[in-house]
Amino acid sequence: MTGNICKIIRNKNNIKDKLKVLVLNKIMISGSRMSSRAMRAVYVRKFGAVDQMKVEENVAVPKLEDKQVLVKLYASGVNPVDTYIRSGQYGKLPTIPYVPGKDGAGLVDAVGSGATRFKVGDRVFCSQTVRYGTLAEFTAMDEDHVFPLADSLDFAQGAAIGIPYFTAYKALLLKGRAKKGDRVLVHGASGSVGLAAVQLAKAYGMTVVGTAGTAEGLELVSSQGADAVYNHRDSSYMDKLKKNPETKFDVILEMLSNVNLGHDLELMKPKGRTIIIGCRGPVTINPRDMMGPETEVIGCALFSSTPEEWNLIGERVAEGISSGWVKPVINKIYDLHKAGEAHHDVIHSTGAKGKLVVRVQE
Ligand code: NAP
């Protein structure tokens with residue numbers, strides 16, 4: 001009997017000790033959370049539909065490397081590529097779990113020891129080509145992917161600059177070799193890249209024709225300076241465009257090549273260039289259309305940019321912010337817990353009218 005009582009007391013003491021350890025562990029964990037800063041972020045733990053995007057609390061703020069800048073994000077730009085990645089339908093996929101989002105804007109929160117261009121409190125926009133992580137309250141980015149954001153632009157507009165404007169610049173000027181006086185067709189001008197391209201081409205003295213699929217989209221493209229607009233959902237628009245051989249194009253920026261490339265080949269002037277920016281499938285073309293006029297079809301991918309191209313584009317876009325031609329148009333702003341809705345809308349659009357942006361801070 002006495003032996004049994006002793007066993008019970010010993011067990012009780014063991015349990016007490018185990019509880020003590022558990023409590024201590026909990027204090028240490030919550031202590032480390034408080035000291036190592038936590039944030040809210042959208043996580044994808046499995047590639048798939050938009051319901052795989054969940055807001056998680058108490059996520060560790062990313063650790064800053066030497067040449068990086070920690071940005072406290074206020075807005076995150078949604079790009080079609082974010083949805084290809086989330087659904088697992090993309091060549092280069094992140095290791096899961098991951099935080100989606102490549103573009104963002106906010107304030108510099110900390111600067112790595114080897115980063116020299118920014119100080120805490122600077123207004124910035126940032127853009128990643130091969131990494132992710134802007135659907136979060138903080139992101140750490142290499143310094144050469146962070147750029148000053150003028151007071152004239154708000155954070156939503158800042159989050160709309162990276163991929164759209166950098167792609168427009170690369171496509172029109174580096175790949176398309178467009179110059180002042182050229183005639184440019186922006187085939188899909190009402191979306192993020194298209195509107196950036198219209199603004200850019202007008203700022204560089206080109207004549208711009210843009211297409212959109214709705215009356216509102218057409219009005220928006222005109223308001224951004226396009227000299228003429230056509231509705232790409234109107235079955236006769238291509239005939240109208242092709243009718244006048246005097247109005248062919250030096251450069252065509254193509255957002256939906258799988259639908260339009262065959263027509264683009266007939267719309268180019270001799271030596272003209274069509275730049276493939278967007279493509280969602282295969283297409284049949286007649287290469288003979290390219291022989292006589294010696295035209296070119298050129299692929300363009302922002303993520304394939306060399307560091308030199310990236311830095312040049314960054315400088316030119318920064319100049320565009322100062323001179324005022326960079327004026328992102330925001331279509332809709334979503335709360336962080338509605339980021340999945342933004343992913344849905346960017347890919348199932350009933351008519352683009354600029355950029356979809358997620359508000360990151362509450
Ligand atoms: P977005 O904002 O969703 O805009 C899509 C555009 O495509 C809208 O202007 C839309 O017009 C237009 N469109 C729809 N049907 C069309 C048709 N039949 N012919 C011509 N245009 C049509 O997307 P975004 O951010 O501008 O991106 C555009 C495309 O480029 C996407 O496919 C994206 O994945 C790709 N992209 C590629 C790169 C790269 O590095 N290569 C970089 C960024 C984006 P309506 O809605 O008015 O019909």
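Residues numbered from 1 in each chain as written. Predicted model: local features only at pLDDT ≥ 70, side-chain atom pairs only at ≥ 80, totals over all residues.

## Regarding the domain arrangement of the protein
Thought 1: As far as domains go, the protein holds domain 1 (36-161 + 330-359) and domain 2 (164-304).
Thought 2: Each of domain 1 and domain 2 was reduced to a C-alpha centroid, and the two centroids are 28 Å apart.
Thought 3: Taken together, the 10 residues of domain 1 in the interface contact 14 residues of domain 2.
Thought 4: Considering only residue class, the side of domain 1 that touches domain 2 consists of four nonpolar, four polar and two charged. (Domains from an automatic or database assignment. Contact = placed C-beta atoms within 7 Å. Nonpolar A, V, L, I, M, F, W, Y, C, P; charged D, E, K, R; others polar.)

## A closer look at the site of the ligand
Thought 1: Around the ligand there are 33 residues in total, and Pro-80, Gly-188, Gly-191, Gly-213 and Gly-278 lie nearest to it.
Thought 2: Counting only elements with at least two residues in the shell around the ligand, the list comes to helix H2 (80-86), helix H4 (162-175), helix H5 (192-203), strand E9 (207-212) and helix H8 (257-267).
Thought 3: Here the shell around the ligand is composed, by residue class, of 16 nonpolar, 17 polar and no charged.
Thought 4: Shared between two domains, the shell around the ligand holds at least three residues of each, these being domain 1 (36-161 + 330-359) and domain 2 (164-304). (Near = placed C-beta within 6 Å. Helix = DSSP H or I, 4+ residues; strand = E, 2+ residues; numbered from the N terminus.)

## What to know about the sheet that holds strand E13 (residues 296-299)
Thought 1: On the basis of which strands lie adjacent, the open sheet formed by six strands has the order E10-E9-E8-E11-E12-E13 and parallel pairing. Each having just a single partner strand, strand E10 (228-231) and E13 make up the two edges of the open sheet. Along the sheet, successive strands turn relative to each other by an average axial angle of 20 degrees, direction set aside.
Thought 2: Direction of pairing for strand E12 (residues 268-276) relative to E13: parallel, over a ladder of four bridges. Bridge assignment links Thr-274 to a residue of E13, and that residue is Val-297. (Pairing = 2+ DSSP bridges. Axes fitted to C-alpha atoms, helices over the stretch in contact; angles between N-to-C directions.)

## Observations regarding the nonpolar core
Thought 1: Ranked by internal contacts, the top residues of the largest apolar core, which has 93 residues, are Leu-172, Val-184 and Ala-197.
Thought 2: Residue assignment places this core across two domains, with domain 1 (36-161 + 330-359) and domain 2 (164-304) each supplying three or more.
Thought 3: Excluding its chain neighbours within four sequence positions, the residues that come into contact with Ala-197 are Ala-168, Ala-171, Leu-172, Val-186, Ala-189 and Leu-253. (Core = buried A, V, L, I, M, F, W, Y, C linked by C-beta atoms within 7 Å. Buried ≥ 20, exposed ≤ 12 C-beta atoms within 10 Å, placed from the backbone.)

## Here's the deal with the environment of Arg-123
Thought 1: Within the element layout of this structure, Arg-123 appears in strand E5 (residues 123-127).
Thought 2: Separated by 56 residues in sequence, Arg-123 and Lys-67 have C-alpha atoms that sit 18 Å apart.
Thought 3: Contacts of Arg-123, omitting those with residues within four sequence positions, involve Leu-107 and Leu-149.

## Quick notes on helix H11 (residues 339-347)
Thought 1: When we look at burial in H11, the residues that qualify are Ala-339, Gly-340, Ala-342, His-343 and Val-346. For H11, the arc enclosing every buried residue in end-on projection is 160 degrees, short of the 170-degree limit, so these residues lie on one face.
Thought 2: At its buried positions, H11 is contacted by strand E1 (38-44), strand E2 (53-60), H2, strand E14 (330-335) and strand E15 (355-359). (Arc of directions from axis to C-beta.)

## Some words on unusual backbone geometry
Thought 1: Following Ile-96, the chain continues into Pro-97 via a peptide bond in cis, with omega recorded as 0 degrees.
Thought 2: Relative to the assigned elements, Pro-97 resides in the loop between H2 and strand E4 (103-111).
Thought 3: Positive phi, normally seen in glycine, also occurs at Arg-177, with a value near 55 degrees.
Thought 4: In this fold, Arg-177 is placed in the loop between H4 and strand E8 (183-187).
Thought 5: Judged by C-beta crowding, with 14 C-beta atoms within 10 Å, Arg-177 ranks as partly exposed.
Thought 6: Even without a glycine there, the phi angle at Glu-294 is positive, about 50 degrees.
Thought 7: Structurally, Glu-294 can be placed in the loop between helix H9 (288-291) and E13.
Thought 8: According to the C-beta neighbour criterion, Glu-294 is exposed, with 10 such atoms within 10 Å.

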